[in-house]
Structures are given as C-alpha cells and as structure tokens.
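# Secondary and tertiary structure notes
Below, each chain spelled out in residue letters.
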Amino acid sequence: MIRFLLIFLSLYLFHFCVFSQGSDIYRGGIRIPVGHDSSKYIRIALVQQFWLRSIENNPGTIDASGDLAERSSDIGSRRTRVTMYSQISPRFLVFAQFGINNQTFINGGAPGQGAKKPQLFFHDAWTEFTVVPERNYSTNKANLFSLSLGAGLHFWNGVSRLGSPSIGSFLTLDLPVFNFVNVERTDQFGRQYGIYAKGMAGPIHYRLHLNKPFVDQRLGEITTERASNVATENWSVGGYAAHQFLEKEGILSPFRIGSYLGTKRVFNIGAGFYHHPKASGTLGNPGSITDFNRHNQTVWAVDAFLDHPLGEQGMAVTAYSVLFNYDYGPNYFRTVGIMNLDSRPADPSVSLAGYGNTEPLLGTGQIWMSQLGLLLPANWLATLGRFQPFVQTEYKNLDYLDDTFTNLDAGFNWFIEGQVAKLTLQYGTRPIFIEQNDQRTQTDTKGQWTLQVQIAI
C-alpha cells in the first residue's frame, strides 16, 4: 500500500510540475456579472477532496468479503461541493452550498443504492441583510461598528474558529469533527436553521445565533448513568467573538481560513459558547424508556490563531490551539468513524468505539487540540511547488472513559497551485478502548495513512 502511495505521488509530480508554486488564478471562484453594474454578481466555487487510505483496523473488523481484516484500503470522496452566492445589492446577500460527503465503495449512496448515487443536499441556504456596513457607502471610510442580520440554514456558528471552517484551506488533512459540537445529531453537518447577527466592533469580530436544532432522540443509548439526546422543542443560543490583533479577516462569509500561506499577518484570540436547554436525558426509572431526567447541553471554548510570514524566503508559520468544555449530562459519549468500512454495532469487550476506524469523538468532559504548520522557503524545491509540514495533537478527558488519551497526526501539504491544487499526506493515530470489569480503558493504538487530492476553483 505504501508503494502505491509513492507511485501515486510520483504521477502527480509528473503531471503538475509545469505549474507555478503560487496561484491567484481562481481567487474567489468564478464571478459572473449581473446586468451592467459590476457590483451585482453571482459567484460560483467548486471543491473536490478525494481520499486514498490505508487503515489499521480496530480489533474484530470484518471486510466487505466477510473476512476478518487487520487492514483495509480504499479510495473515496470526502467532499464534493458547489458554492453559490450573489451580492444582489450592497446590503443584500444570498448564499447556498450543496454537495455530497463520504462516498466510498461500500457506503455513502442514496437510500436503497448502497454506495452508489449519493444524495445531493444543501449544506447552506441563507440570506443576509446589512444593517450597518463595514464601510460607509458614501465616504468609503471604515465604520467602527458593523451589523448584518441573516436567517436560514446557516453556518454562522459559535463555540470556536473551527465551528465555521473553510474546507478548502485546512492546515491538516481534515477537521477533528468534534468542532461541530452536535455533528449529525441536532445539526446538519454543522448547520442548523435559525437567525444570526454578525459584524465588527472595533477589532472584535462577533457572531451570535438563535437556532431551532433538528430533533434527535437516542432512547436506546440512555441509562440511569449515561445521558444521550432526547427530543425537545427548545431553541439553542450560541456565539463566538475574536479579537483581531493584527490584520483584519474578511467576514463576508462565515468560513474561517485554516492557513493563509504567509499572505496575511493574523493573530486572534477568541471565545464562544453553545447552549441547548434540556436536550439530553438520563433514565429516571430503569424499567421505562420514557421516564427520564432532562439535562442541558452546554459547550464553551477558548482559542488562539496565528498565521504570520517568516523572513524573506516566503516562509510562514500557522498555529492554532483550542480548549473545549462539553457538559451534555452525565457520561454523555459519542464515537465516530469517518467513511467507516465496518459500521456494525460495537462489542465493548472487543472495541468500545466499534469496528473499522471508529474512535471516541466527544462527550461530557474536556478536549484540547493544537496544530502547528511551517510553510517551507519558496526556493526549496521551487519547481515542484510549496511544502508545509504540520503536526496536530488532541488530548481528551471524557467522563465516560476511565483513561485520558492523546491522538497524534502528522503530515505535509504539497501546494502545486496554492490551495487550488494540493496534495496532503497524513498519518494519524487513534486509541482502542475496551469495557471490562466496569472499567473503560485504553488497550492499544491504531493508525491510518491518508492521501488527499484537493481541487478547488
């Protein structure tokens, strides 16, 4: 498998070596003017991310042939997205994004189709009205305070910078997923229906939302000791604010850049929160699945982001660190396996999280994640593009587990045409937990190689 990865890299080197290392060709996607006024337009952007993987499976994993499999390999689509938005007037914006996620040879398709014909759905669909613009329309001078109001299926999330990430500019291979604090339960891939306010107050970017989360109920997971999701009519509230000490980042869209590749000098410190009243439950009567005690779902986070050029050779450093505190009720606990190839129910005595590449995701407790990347000098293998090695650590202290644990990911980005065309190679670890004698402890660590091909225009 590793030999195949090297061959694949070599083929891409041959194909793309004629291109320059940096690209402004497709900056901002494709812009289509509307009418004779250049200020009115429709902009279209496309992103595709394909994964080629070699996975060291969790114990007990069965492959598609029905055989016990210590390792698996596959290729699939992590994301295929189309984004469209229109600045109909200086005060009015319409935004939509649609696409697919997580299609492999074995799953991700439409209902009844197995892995084929994945269901296209809207990730974002919202409109926005500018109440107080960032710049005065008459004088073009910056206003000290700005405010825009919007509504719909939106991505103006709270909690952290990674609550609204730009998928085309990740520093590492992918999101840690726990940044979406309700992922695919009471949200739709990080989005909820609601109303939001966003803008600038001096150097502080702020966003606040009032949302109506999707109903999710997991009565099969609820016990007297362990909380899980229960249906509720309650609205959620959240927000995020970041003090921008150096250059100001754009806020036309909610998407936060993962790495600017030295094109900006950015240093931000932020904090956010999310609160959904009575959205979790524990059983009050062990003999009844309808008699339960309700608990609030509350999350807060603090983070810091740095992206800054170094020296005169085009180097740049990117660093990010975030601390999450989740309180979803007693022993709330979730697992995840991205594009998992064996999604059978877990046998906790073999693997508490499940089979394939599943691992503990989040739960009541704390998660601390840090990233560091270094863009190498522009003259280092300049004919091949730019290279950016990176490392990421995740420390998790979850109440449901008796051991804390750390995930480690390391790899590099190869920018063939900036963020427009890039390859990412990453190796990551995940823990193996088992439940035995009423203890949930880590017994092993497994790993995964992933090569991502990204094209974004």
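Look a little higher up for the structure.
Notes on the structure in this doc start here.

Thresholds, definitions, all that
- Residues numbered from 1 in each chain as written.
- Predicted model: local features only at pLDDT ≥ 70, side-chain atom pairs only at ≥ 80, totals over all residues.
- Heavy atoms only, no water.
- Core = buried A, V, L, I, M, F, W, Y, C linked by side-chain atoms within 4.5 Å.
- Buried < 20%, exposed > 50% of the residue type's maximum accessible area, 1.4 Å probe, protein only.
- Helix = DSSP H or I, 4+ residues; strand = E, 2+ residues; numbered from the N terminus.
- Contact = heavy atoms within 4.5 Å.
- 1 Å grid on protein atoms, 1.4 Å probe; cavity = no way out; pocket = protein on both sides within 12 Å on 5 of 7 lines; lining within 4 Å.
- Points joined across faces, edges and corners; volume = space filled by probe spheres on them.
- Nonpolar A, V, L, I, M, F, W, Y, C, P; charged D, E, K, R; others polar.
- Salt bridge = Lys/Arg side-chain N within 4 Å of Asp/Glu carboxyl O.
- Patch = residues over 30% accessible without salt bridge, like charges linked within 9 Å, V, L, I, M, F, W, Y side chains within 5 Å.
- Areas by Shrake-Rupley, 256 points an atom, 1.4 Å probe, with all protein chains shown as cover.
- Polar contact = N/O pair within 3.5 Å; in protein donor to acceptor, adjacent residues only side chain to side chain.
- Pairing = 2+ DSSP bridges.
- Phe/Tyr/Trp six-rings, centres within 6.5 Å; stacked < 30°, edge-to-face > 60°.
- Lys NZ or Arg CZ within 6 Å of the ring centre and 35° of its normal.

The subject of this paragraph is the nonpolar core. Across soluble globular proteins, nonpolar side chains show a tendency to be buried alongside one another. Counting residues in each nonpolar core, the largest one holds 49 residues, and the members touching the most others are Phe 178, Val 299, Phe 324, Tyr 326, Leu 362 and Leu 401. Secondary structure elements with two or more residues in this core: β2 (41-56), β4 (92-103), β11 (266-283), β12 (292-310), β13 (315-327), β15 (359-363) and β16 (365-375). In contact with Phe 178, not counting residues within four places along its chain, are Phe 324, Tyr 326, Leu 361, Leu 362, Ile 367, Met 369, Glu 394 and Lys 396. Listed in part, the seven residues of the second largest apolar core include Phe 387, Ile 416, Ala 421 and Val 453.

The space that makes up the second largest pocket amounts to roughly 1300 Å³. Forming the walls of the second largest pocket are 42 residues, and the residues nearest its centre are Glu 184, Arg 334, Thr 335, Val 336 and Gly 337. If you list the elements that add at least two residues to the lining of the second largest pocket, you get β4 and β14 (333-336). Per-element tally for the lining of the second largest pocket: the top contributor is β14, with four residues. Partitioning the lining of the second largest pocket into residue classes produces 20 nonpolar, 12 polar and 10 charged.

Applying the stated criterion across every chain, the model contains 15 salt bridges. The salt bridge involving Glu 249 is made with Arg 161; its shortest N-O contact spans 2.7 Å. Of this pair, Glu 249 sits in the loop between β10 (236-244) and β11 while Arg 161 is found in the loop between β6 (147-154) and β7 (192-201), placing the two residues 88 residues apart along the sequence. When salt bridges with common partners are traced through the structure, they connect Glu 56, Asp 444 and Lys 446 into a single cluster.

Moving on to empty space enclosed by the protein. Enumeration over the complete set of coordinates arrives at six cavities of 30 Å³ or more. Looking at the largest cavity, its volume works out to about 440 Å³. In terms of lining residues, the largest cavity is bounded by 28 residues, among which Ile 338, Glu 359, Asp 409, Gln 426 and Gln 448 are the most central. For the lining of the largest cavity, the element with the most residues is strand β19 (residues 421-436), which contributes five residues. When its residues are assigned to classes, the lining of the largest cavity shows 11 nonpolar, 10 polar and seven charged.

What follows concerns a nonpolar patch on the surface. A cluster of nonpolar side chains, namely Ile 195, Leu 208, Leu 210, Trp 235, Val 237, Phe 273, Trp 300, Val 302, Leu 323, Trp 368 and Tyr 395, defines an oily patch on the protein surface of about 1000 Å² accessible area. Secondary structure elements with two or more residues in the nonpolar patch: β8 (204-212) and β12. Here Phe 273 is to be found in strand β11.

With respect to the helices and strands, Gln 244 occurs in strand β10. Among the residues examined, Gln 244 registers a relative accessible area of 6% and is labelled buried. One polar contact links the side chain of Gln 244 to the main-chain amide nitrogen of Glu 249, over a distance of 2.9 Å. If near-sequence neighbours (up to four positions away) are discounted, Gln 244 is found in contact with Met 200, Pro 203, His 205, Glu 249, Phe 267 and Asn 268.

A word on the pairing of β2. Alignment of strand β1 (residues 30-33) against β2, held across four bridges, turns out to be antiparallel. Residue pairing in the sheet places Ile 32 in a bridge with Ile 42 of β2. One ladder, built from 16 bridges, connects β2 with strand β3 (residues 71-89); its direction is antiparallel. Looking at β3, one finds that Ile 42 is bridged to Ser 86. When β2 meets strand β20 (residues 439-456), the two strands line up antiparallel, connected through nine bridges. Note that in β20 the partner of Gln 49 across the bridge is Gln 454.

In this section: the packing of aromatic side chains. This structure, assessed with the given rule, holds 24 aromatic pairs. Each ring, one from Phe 145 and one from Tyr 206, has its centre 6.0 Å from the other, and the planes form 10°; the classification is stacked. Taken as a pair, Phe 145 in the loop between β5 (121-132) and β6 and Tyr 206 in strand β8 lie far apart in primary sequence, 61 residues in all. Using a relative accessible area of 40% as the deciding quantity, one classes Phe 145 as partly exposed. Look at Tyr 206 and you get buried, because its relative accessible area is 14%. An aromatic cluster of at least three residues, connected via ring pairs, comprises Tyr 41, Tyr 85, Phe 95, Trp 126, Phe 155, Trp 156, Phe 180, Phe 189, Tyr 196 and Phe 255. A cation over a ring is seen here: Lys 264 above Tyr 260, with NZ or CZ 5.9 Å from the ring centre. Over the ring of Tyr 400 we find Arg 440, and its NZ or CZ is 3.9 Å from the ring centre.

A word on the environment of Asn 379. Tracing the backbone through its elements, the reader meets Asn 379 in the loop between β16 and β17 (386-398). Judged by its relative accessible area of 52%, Asn 379 falls in the exposed class. Sequence-wise, Asn 379 and Gly 163 are 216 residues apart; in three dimensions their C-alpha atoms are separated by 35 Å.

With that settled, consider the side chain of Gln 454. Among the secondary structure elements, Gln 454 is positioned in strand β20. A residue is classified by how much of its surface remains accessible, and Gln 454, at 1% relative accessible area, is buried. A distance of 2.8 Å separates the side chain of Gln 454 from the side chain of Gln 49, its partner in a polar contact. Once you skip the residues sitting within four places of it in the chain, Gln 454 turns out to touch Gln 48, Gln 49, Ile 167, Gly 168, Gln 419, Val 420, Ala 421 and Lys 422.

What follows covers unusual backbone geometry. In this model, Val 177 sits at a positive phi of 75°, which is unusual for a non-glycine residue. Within the secondary structure, Val 177 sits in the loop between β6 and β7. For Met 339, which is not a glycine, the phi torsion comes out positive at approximately 50°. Relative to the assigned elements, Met 339 resides in the loop between β14 and β15.

It is worth stressing that arrangement in space is one thing and function is another; only the former is reported here.
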